[in-house]
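Given next are the chains, with one letter for each unit.
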Amino acid sequence: MNFELQNQRILVTGATSGIGLDIARSLAELGADLVLFGRNRDKLSELEQELGARTLAVDITDEAAVTEAFIEMPILDGLVNCAGISILDDVLNVKAQDLERIMTTNVTASAVVAREAARHMIARGCQGSIVNVSSQAAMAALPGHLGYCASKAAMDAMTRVLCLELGPKGIRVNSVNPTVTLTPMAERAWADPAKRDPMLAAIPLGRFATPREVALPVAFLLSPAASMISGTCLPIDGGFTSH
């Protein structure tokens, strides 16, 4: 069993910022050959130089664009579905158009990318691994997160169906479910003690996750060391969902 990812080609969506960026860097450190999807063309160019990655600016909510992106895709061994959005509002003010945007990006687009990656793997006889970056919000209610909680719960359900249908093809599918992860954006969003302290108090380990603490479990699930793990939703939450 090997935790390294030498000679593994892995596609990462949402790779130009946040958790996706740290996942890309960690996978590269472990020897993966990367294909990166993102919206920031300048950052993609930087990552080509930094990581030696193949990059493509693609709107994953555009089904035709995603399908086209796979036409000349090299053989894939893995996929990390990390692109996602969150629009926060309380339940008395939630807007239908915001819910639609969240579901379109976090669920529909991820399902389309997974579909294309699975088709690609099967057509080339590759037994691969898919990891969906979900959230503790799939497992526990968070105030102001109606759309986000719903979308991540849907992603976990999608993970189980993908596991069931793709397992016979040799493709493993899992989710990771992080707590608040201290990307630069999250550090700003959770800087207010009135918001931060109640969440920290609910985490038995008493702290938020670092991006690296999410990226390495993702790498494990992609690796041969996890060859008998499929259909799981792995909390990376310091015990938050143990309540």
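Heads up: the structure comes first, above all this text.
Residues numbered from 1 in each chain as written. Predicted model: local features only at pLDDT ≥ 70, side-chain atom pairs only at ≥ 80, totals over all residues. Heavy atoms only, no water.

Draft legend 1. Quick peek at the side chain of Lys 152. With respect to the helices, strands and loops of the structure, Lys 152 is situated in helix H5 (residues 146-166). For Lys 152, which is buried and forms no salt bridge, the nearest opposite charge comes from Asp 156, at a distance of 8.0 Å. Polar contacts involving the side chain of Lys 152 include one to the main-chain carbonyl oxygen of Val 133, which spans 2.9 Å. In contact with Lys 152, other than residues within four places in its own chain, are Asn 106, Val 133, Ser 134, Ser 135 and Ala 138. (Helix = DSSP H or I, 4+ residues; strand = E, 2+ residues; numbered from the N terminus. Buried < 20%, exposed > 50% of the residue type's maximum accessible area, 1.4 Å probe, protein only. Lys, Arg positive; Asp, Glu negative; His and termini not counted. Salt bridge = Lys/Arg side-chain N within 4 Å of Asp/Glu carboxyl O. Polar contact = N/O pair within 3.5 Å; in protein donor to acceptor, adjacent residues only side chain to side chain. Contact = heavy atoms within 4.5 Å.)

Draft legend 2. Layout of the packing of helix H1 (residues 18-29) against helix H8 (residues 211-222). For the pair H1 and H8, the least separation of the axes is 8 Å and the interaxial angle reads 55 degrees. Taken together, the axes of H1 and H8 are oblique relative to one another. Here the hand of the crossing between H1 and H8 comes out right-handed. Listed contacts from H8 to Ile 19, Asp 22, Ile 23, Ser 26, Leu 27 and Glu 29 of H1 are Pro 211, Arg 212, Val 214, Ala 215, Val 218, Ala 219 and Leu 222. The residue inventory of the contact of H1 with H8, partitioned by class, reads nine nonpolar, one polar and three charged. (Axes fitted to C-alpha atoms, helices over the stretch in contact; angles between N-to-C directions. Parallel < 35°, antiparallel > 145°, perpendicular 65-115°, else oblique. Left-handed = near helix turned anticlockwise from the far one by under 90°. Nonpolar A, V, L, I, M, F, W, Y, C, P; charged D, E, K, R; others polar.)

Draft legend 3. Up close: the layout of surface pockets. The space that makes up the largest pocket amounts to roughly 1,400 Å³. Around the largest pocket, the lining is made up of 45 residues, and of these Gly 84, Ile 85, Ser 86, Tyr 148 and Met 185 lie nearest the centre. Elements represented by at least two residues in the lining of the largest pocket include exactly H1, strand E2 (33-38), helix H4 (96-123), H5, helix H6 (184-189) and helix H7 (193-201). It is H6 that provides the largest number of residues to the lining of the largest pocket, a total of five residues. By volume, the second largest pocket is sized at about 180 Å³. Surrounding the second largest pocket, Gln 8, Asp 77, Gln 127, Gly 128, Ser 129, Gly 170, Arg 172, Leu 222, Ser 223, Pro 224 and Ser 227 form its lining. Looking at the lining of the second largest pocket residue by residue, the class counts come to two nonpolar, seven polar and two charged. (1 Å grid on protein atoms, 1.4 Å probe; cavity = no way out; pocket = protein on both sides within 12 Å on 5 of 7 lines; lining within 4 Å. Points joined across faces, edges and corners; volume = space filled by probe spheres on them.)

Draft legend 4. Geometry of the nonpolar core. Residues Ile 10, Ile 23, Leu 27, Leu 34, Leu 36 and Val 80 are the most contacted members of the largest nonpolar core, which totals 31 residues. The contacts of Ile 23, once residues within four sequence positions are left out, are Val 12, Val 80, Cys 82, Val 133, Ala 215 and Val 218. (Core = buried A, V, L, I, M, F, W, Y, C linked by side-chain atoms within 4.5 Å.)

Draft legend 5. Region of the structure containing a nonpolar patch on the surface. Taken together, Val 91, Leu 92, Val 94 and Leu 146 make up a surface patch of nonpolar side chains, about 380 Å² in accessible area. Relative to the helices and strands, Val 91 is located in the loop between strand E4 (78-81) and H4. On the basis of relative accessibility, which here comes to 55%, the residue Val 91 falls in the exposed class. (Patch = residues over 30% accessible without salt bridge, like charges linked within 9 Å, V, L, I, M, F, W, Y side chains within 5 Å. Areas by Shrake-Rupley, 256 points an atom, 1.4 Å probe, with all protein chains shown as cover.)

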